[in-house]
Amino acid sequence: MASKEKKEVVIPKTPADLQRMKLEKLMKNPDKLAPIPDGPEGTRKPPTAPEFVRDVMGSSAGAGSGEFHVYRGYRRRELFRQKHLDEQAKKESQKDEFEKILDANRQAAEERTAKKRAKRQKKKMKKKMKKQEVKTEKEEEQKEESEESEEDEPEEEQQDQVKDDDAEENCFVIGGR
């Protein structure tokens, strides 16, 4: 019992003291997650409309003075229910309009993107075609050069052969013819 420490009970006197105590408790262990309460669940929903109204007030004269308060209660609940239905319908229509606007914006963005994509593809194809044309031109030039060099080689060979033949004819043999 001596090992256990007695905790001092402090009663906050002001709201500031209460807030200070809560903060000190949270800051004792900063790694621990602080509880964050959820906010209000939303708007108050009206009770469902009754299917059968048991206390139907007639239009006959002589209704007691207490019936007016019953009528007021019915009326208040019905007006609240109608107001809630109107708000729901308004929110639903606003949501639908927002979705339509979003869809229109998405479609417009997609059209712009498609147009730019087509432009990029067209530019890319032009560049590719130009590169291919340059390549084919180079190949044609190389073919022409190779054909010209092949044509030049036989003429040179023929000239060399003619020179060889001429040398044999002009050769003087001693003691020959």
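Computed from a prediction, not measured in an experiment: that's the story for all the values here.

Enquirer: So what's going on with the pattern of salt bridges? Residues and values would help.
Expert: Throughout the structure, instances matching the rule amount to five salt bridges. Of the charged contacts in the structure, one is a salt bridge between aspartate 17 and arginine 20, with a shortest N-O distance of 3.5 Å. Taken together, the positions of aspartate 17 and arginine 20, both in helix H1 (residues 15-28) and three residues apart, correspond to about one turn of that helix. Judged by relative accessible area, arginine 20 falls into the partly exposed class, the value being 41%. Put simply, arginine 106 and aspartate 103 hold a salt bridge, and the shortest N to O gap is 3.3 Å. Here the residue arginine 106 and the residue aspartate 103 both occupy positions in helix H2 (residues 67-169), the gap between them amounting to three residues, near one helical turn. For aspartate 103, a relative accessible area of 43% puts it in the partly exposed group. Residues participating in the shared-partner salt-bridge network are Asp17, Arg20 and Glu24.

Reading the values: rules and limits
Residues numbered from 1 in each chain as written. Predicted model: local features only at pLDDT ≥ 70, side-chain atom pairs only at ≥ 80, totals over all residues. Heavy atoms only, no water. Salt bridge = Lys/Arg side-chain N within 4 Å of Asp/Glu carboxyl O. Helix = DSSP H or I, 4+ residues; strand = E, 2+ residues; numbered from the N terminus. Buried < 20%, exposed > 50% of the residue type's maximum accessible area, 1.4 Å probe, protein only.

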